[in-house]
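Chain by chain, the residues run as shown.
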Amino acid sequence: MQKFRRTRDRRPATAVGVAVISAGLLLPLLGSPAAIADSTAAAPVPHPVQYVDPLIGTSNGGNTYPGANVPFGMIAWSPTSTAGDQTNTAAANGYSYNTTRLRGFSLTHVNGAGCHPGAAGDVPIMPFAGTVDSSPTADTKDAKYAANFSHTNETADPGRYRVGLDSGVTTDLAVSERAGVADFTFPADKPASLLFRVSNSLNGSEDAHVDIDTAHNKVTGWVETGAFCGRRANGGTPNNNRKSYYRLYFTAAFDRGFSGVGTWHDDQLSPGSTSADGGEGYLTGAARAGRGSGGYVSFDPSNDNDVRMRVGISYVSLAGAEANLRGEIAPTAGVEDVAKAGKGAWDRALKSVKISGGDKDRRTAFYTALYHALQQPNLISDRDGTYVGMDRKVHALARGQKAQYSNFSGWDQYRAQVQLLALLEPRVAGDFAQSLYNFAQQNDGVWDRWVHISGATHVMTGDPSAATLATFYAMGVHNFDVQGAFDSLYRQATVPHPSGLSDAGCPGQCEGNRPNLAQYMKSGYAAQDQCHCWGGAAETLEDSVADAALAQWAQLLGRDKEYRTLSERGGYWRNVFNPAATPTAGYIQARKADGSWVAPFSPASSLGFAQGSAATYVWMVPQDVQGLATAMGGRDKAAARLDDFFHKPDGSWSVRGGDALRYDPTNEPGIHAPWLYNALGKPWKTQETVRQILDTVYGTGPAGLPGNDDLGTMSAWYVFAALGIYPKAPGSADLLLSAPVFPHAVIAGVGDREEITIDAPRTSRTNLYVDSVSLDGAKHESSWVDGSFVRRGGSLSFELSDRADTGWATDPGTLPH
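Residues numbered from 1 in each chain as written. Predicted model: local features only at pLDDT ≥ 70, side-chain atom pairs only at ≥ 80, totals over all residues. Heavy atoms only, no water.

Participant: Looking at this structure, how should I read the overall build of the protein chain?
Facilitator: Summing up its helical and strand segments, the protein chain has 20 helices and 34 strands in all. Here the C-alpha radius of gyration of the protein chain, 26 Å, is about what a compact globule of 817 residues would show, namely 28 Å. For the protein chain, the spread of C-alpha atoms along the three principal axes comes to 80 × 60 × 55 Å. Taking contacts inside the protein chain between residues at least 6 apart in sequence as the whole, the part at least 24 apart equals 72%. Put simply, the protein chain shows about 25800 Å² of open surface, and 49% of that area lies on carbon and sulfur atoms. Once the 70 positive and 82 negative side-chain charges of the protein chain are each reduced to a mean point, those two points are 3 Å apart. (Helix = DSSP H or I, 4+ residues; strand = E, 2+ residues; numbered from the N terminus. Rg over C-alpha atoms; globule rule 2.2 N^0.38 Å. Contact = heavy atoms within 4.5 Å. Areas by Shrake-Rupley, 256 points an atom, 1.4 Å probe, with all protein chains shown as cover. Lys, Arg positive; Asp, Glu negative; His and termini not counted. Charge placed at Lys NZ, Arg CZ, Asp CG, Glu CD.)

This is the structure we're talking about:
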């Protein structure tokens, strides 16, 4: 079989300053999209980028954004919508498909984060066809300096975004990794201006600055901002998370001179001014409205109504933004050039998984999910290798590190997205591991749960960094300081930190990463009345998963003492399993420090948990499913309970969410649950449950995601499920098996790993049950494969039918551990 490999050097894919003037780096003509889309032949999809629809997930709470980006890029240029409030947006990350009014095109975004307001959305740039005769900040209802649009005039492609506004302005955007280029076409018979709303980030801004250089046709500036859910503070100390933790610099260069300039601060417009300062602050609602600063540049559209702008960004300095722009986008580059290079970058990234067969909708859902999963982590280092750390100081990359990455939605991503990253992009995964370790070293040894740019936001619960790095190592990612990172994470898990006794930010953003660790180690669980955490039961489960993952890492490193300690702690979930929680069944339940159970208890209650009910969290023991089954009275009883989790009392499916007693596909604590049947000896039920979710919960169109994409997590779930494989547990490279939806798929070989092929020639909408599996040509009687398969590569072949085979992979001796 011919071996497929991709180059691991990403620079030619995204350093467009070179790419746009080298025809060899541009994407070839891709042929007719319709012809490709209608094909169901066995040949691999030649150009998967044709199947990506960036609008998937832009409604139904998916919180994706449709704008221009490249894989793992720093810049993400996308519209910011408005529903009539300048201090808010219609969706968490700035864009809602159902809101067709925009107030600008912002330079930074985060994919699928669900807290409203989300994060980033920095420096909205608004093309305005009219006279700037009042302060845009004073337009608090976005009544004047905003514009409507129709989706019929909107096109979103990987690396490019275009929209025609009802004002008559057309905006066309394309980007490289740290820079972008835009064409703004104005009506020839109206005044034409660009507004730089430097203070108007999604979460507000502490300060902002803009300079206009009329001699060199440039606009430069910065915004000091930060926070994810930060202005709300989520309870606890009110001002704990109302803080800034990064400064974004930008430089914008134009191909023509300005016919007019001006700035504004709060409600004061200053025509002719070339400099302004002022942020919005971190207040909310009316207290924030009408505050902030910006600048505008105007053009004469009567003879030439097209304005080209190139922009570079940096989190380090204005000089860094200038260098990023010079190095990535040539002065003569246009949108078409940069867009072709960006499209080529995406095409190469998406070819990490080459599928054959399947209908258009399946291919669209699959490759868009892969597109969303590979948007993060995001670059924060400049081309010269410098970046701003968590201590707000400028640092250089660690030895051997190629890039500093950030945007770690740990509580979400450790369940699926990080595994997909390790499988497809191990070099990026290793640099990301080093990045998180770098941040911890700059943060008094604390690995934060939810890292945004160079800030610790403390969002969610548990210790997802431990689970993430242990998973990376198990899957063969070793290009980071393995010993240093392990020692740091082990210290965090065993040595209490003062922040662990703080209630600042609680419940949603509790400051301590291992809250009240001394009590946890003494009691063997997080006490609800003393834990300084979101919920004691959830914290115990999360830390048990993290410790079990660290234990496996310790074993691989030959750290026997640490392995024994952590293995024991990986079983602490048992200390919050109350076998008498209800008269008929045991559940995970919060406990107090004196050992008593927190009452009253209901399986539908979220008391002691984080964004989920006891009915969901009872399944969150992926590291010890057999132990959980035993606690429930045996595998058959556990499977019967799992049946009730996915079905209503009348036997119909309940997999779309909205019922606290049943499966919720919109949030992470239970997304592994469909795969638990494999360990319970009923793998055919995994097959039918996973397929039901694929067919009814996910899809195409703006509502094609079940809920927040959470930095690619829900999309990664879809990618794995469509391939018929899924990570067994954090800290492991083992894969659980189900039924693939494509007749043939090839996961590219990387490093020392050969390619992975997955064949299911008889798969169809009805053939969703596994009759048999072959592993590297030999009959395989288990519903899982061990981690050596991921690390070395190989082949899986599935025989599928339309009837459940209740005998395959049910021998107790072959079940997943």
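Next comes the rest of the account.
Participant: Help me understand the packing of helix α10 (residues 464-474) against helix α11 (residues 482-494) in this model?
Facilitator: If you want to describe how two helices pack, look at the angle between their axes and the distance between the axes. Packing of α10 against α11 leaves a shortest axis separation of 10 Å and a crossing angle of 150°. Judged by the angle between their axes, α10 and α11 are roughly antiparallel. Relative to α11, α10 is oriented so that their crossing is left-handed. Touching Ser-465, Ala-466, Leu-469 and Tyr-473 of α10 are Val-482, Ala-485 and Leu-489, all from α11. (Axes fitted to C-alpha atoms, helices over the stretch in contact; angles between N-to-C directions. Parallel < 35°, antiparallel > 145°, perpendicular 65-115°, else oblique. Left-handed = near helix turned anticlockwise from the far one by under 90°.)

Participant: I would appreciate a short explanation of unusual backbone geometry in the present structure.
Facilitator: Residues apart from glycine generally show negative phi values, whereas peptide bonds are mostly found in trans. A cis amide bond links Gln-376 to the next residue, Pro-377, at an omega of 10°. Take Pro-377: it is sitting in the loop between α6 (360-373) and β18 (378-379). A positive phi angle, near 70°, is found at Asn-407, a position not held by glycine. With respect to the helices and strands, Asn-407 occurs in the loop between β21 (405-406) and β22 (408-409). Asn-407 gets classed as buried once you look at its relative accessible area, which sits at 3%. Its identity is not glycine, yet Leu-711 carries a phi of approximately 55°, on the positive side. Looking at the secondary structure, you find Leu-711 in the loop between α18 (683-696) and α19 (713-723). Judged by its relative accessible area of 1%, Leu-711 falls in the buried class. (Buried < 20%, exposed > 50% of the residue type's maximum accessible area, 1.4 Å probe, protein only.)

Participant: What am I meant to see in the packing of aromatic side chains here?
Facilitator: Aromatic ring pairs are reported here in terms of the distance separating the ring centres and the angle at which the planes meet. Counted by the stated rule, this structure contains 34 aromatic pairs. Between Trp-619 and Phe-645, the aromatic rings sit 6.2 Å apart at their centres with planes inclined by 45°, giving tilted as the arrangement. Of this pair, Trp-619 sits in the loop between α15 (614-617) and α16 (625-631) while Phe-645 sits in helix α17 (residues 635-646); the two residues are 26 residues apart in sequence, bridging distant segments of the chain. When its relative accessible area of 4% is taken as the criterion, Trp-619 is described as buried. Of the residues examined, Phe-645 reaches a relative accessible area of 3% and is grouped as buried. The structure contains a cluster of three or more aromatic residues connected by ring pairs, namely Trp-675, Tyr-698, Trp-717, Tyr-718, Phe-720 and Tyr-726. The lysine or arginine in question, Arg-641, covers the ring of Tyr-587, its NZ or CZ lying 4.5 Å from the ring centre. Stacked on the ring of Trp-784, the Lys or Arg Lys-728 has its end atom at 5.1 Å from the ring centre. (Phe/Tyr/Trp six-rings, centres within 6.5 Å; stacked < 30°, edge-to-face > 60°. Lys NZ or Arg CZ within 6 Å of the ring centre and 35° of its normal.)

Participant: Can you help me understand the environment of Pro-124 in this one?
Facilitator: Within the fold, Pro-124 resides in the loop between β2 (101-106) and β3 (125-128). For Pro-124, a relative accessible area of 0% gives the class buried. Along the chain, Pro-124 and Thr-471 lie 347 residues apart, while their C-alpha atoms are 38 Å from each other. Beyond its immediate chain neighbours, meaning those up to four positions away, Pro-124 contacts Arg-103, Gly-104, Phe-105, Ser-106, Leu-195, Phe-196, Arg-197 and Asn-200.

Participant: Sorry, what's going on with the pattern of salt bridges here?
Facilitator: Think of it this way: side chains of opposite charge can pair up when their charged atoms draw near. This structure, assessed with the given rule, holds 34 salt bridges. Note that Arg-288 is salt-bridged to Glu-280, the shortest N-O span being 2.5 Å. Using a relative accessible area of 2% as the deciding quantity, one classes Glu-280 as buried. A salt bridge links Arg-559 to Glu-562, with the nearest nitrogen and oxygen atoms 3.1 Å apart. (Salt bridge = Lys/Arg side-chain N within 4 Å of Asp/Glu carboxyl O.)

Participant: Mind showing me how you'd approach empty space enclosed by the protein here?
Facilitator: By rolling a water-sized probe across the atoms, one finds the places where empty space is left. Counted by the stated rule, this structure contains nine cavities of 30 Å³ or more. Counted as a void, the largest cavity has a volume near 210 Å³. What lines the largest cavity is a set of 21 residues, and nearest its centre among them are Pro-622, His-672, Pro-727, Lys-728 and Ala-729. For the lining of the largest cavity, the per-class residue count stands at 15 nonpolar, three polar and three charged. (1 Å grid on protein atoms, 1.4 Å probe; cavity = no way out; pocket = protein on both sides within 12 Å on 5 of 7 lines; lining within 4 Å. Points joined across faces, edges and corners; volume = space filled by probe spheres on them. Nonpolar A, V, L, I, M, F, W, Y, C, P; charged D, E, K, R; others polar.)

Participant: Whenever I open this one, the sheet that holds strand β24 (residues 455-456) confuses me. Can you help?
Facilitator: Hydrogen bonds along the backbone pair up the strands of a sheet, which may run parallel or antiparallel. Pairing within the open sheet is antiparallel, and its three strands lie in the order β22-β23-β24. Sheet topology places β22 and β24 at the edges, where each strand pairs with a single neighbour. Looking at chain direction, β22 and strand β23 (residues 450-452) are connected through two bridges and run antiparallel. Considered in β23, the bridge of Ser-409 is made with Trp-450. (Pairing = 2+ DSSP bridges.)

Participant: Could you clarify how one ought to interpret the state of the cysteines in this entry?
Facilitator: Evaluation of the coordinates by the stated rule reveals two disulfides. One disulfide bridge connects Cys-506 with Cys-510, the sulfur atoms lying 2.1 Å from each other. Classification of the bridge connecting Cys-506 and Cys-510 rests on its S-S torsion, roughly 135°, and on that basis the disulfide is right-handed. Overall, the relative accessible area of 11% leaves Cys-506 in the buried class. The class for Cys-510 is buried, based on a relative accessible area of 3%. For Cys-531, the disulfide goes to Cys-533, at an S-S distance of 2.0 Å. Since a negative S-S torsion denotes a left-handed disulfide, the Cys-531-Cys-533 link at about -90° is left-handed. Accessibility assignment for this pair places Cys-531 and Cys-533 in one class, buried. (Disulfide = S-S within 2.5 Å.)

Participant: Hey, could you run me through the environment of His-744 in this one?
Facilitator: Structurally, His-744 is set in strand β29 (residues 744-747). Residue classification places His-744 among the partly exposed positions, given a relative accessible area of 22%. Counting along the chain gives 389 residues from His-744 to Ile-355, while the straight-line C-alpha distance between them is 5.8 Å. A distance of 2.4 Å separates polar atoms of two side chains, one belonging to His-744 and the other to Asp-759. (Polar contact = N/O pair within 3.5 Å; in protein donor to acceptor, adjacent residues only side chain to side chain.)

Participant: Just to check I follow, could you spell out the pairing of strand β11 (residues 246-254) for this structure?
Facilitator: The side chains of a regular strand alternate between the sheet's two faces. For β11, a buried count of eight out of nine residues is recorded, marking the element as mostly surrounded by other parts of the structure. As paired elements, strand β10 (residues 218-225) and β11 share eight bridges and run antiparallel to each other. Each residue of the ladder has a partner; that of Gly-221, found in β11, is Phe-250. With six bridges connecting them, β11 and strand β16 (residues 306-314) associate as antiparallel partners. The partner of Phe-254 across the bridge, within β16, is Met-309.

Participant: Which parts of the structure should I look at to understand α18?
Facilitator: Residues lying three or four places apart along an α-helix face the same way, a consequence of the helix completing one turn every 3.6 residues. Spanning 14 residues, α18 covers 20 Å between terminal C-alpha atoms, matching the ideal 20 Å at 1.5 Å per step. Within α18, ten of the 14 residues are buried, leaving the element largely enclosed by the surrounding structure. Here α18 has its buried residues at Pro-683, Trp-684, Lys-685, Thr-686, Gln-687, Thr-689, Val-690, Arg-691, Ile-693 and Leu-694. (Expected span 1.5 Å × (residues − 1).)

Participant: Is there a simple way to explain the pairing of strand β31 (residues 769-775) in this structure?
Facilitator: In the sheet, β31 pairs with strand β34 (residues 794-801) via six bridges, with the strands oriented antiparallel. Counted as the bridge partner of Val-773 is Phe-798 from β34. Here β31 pairs with strand β32 (residues 778-780) via three bridges, running antiparallel. Note on β32: the bridge partner recorded for Ser-774 is Lys-779.

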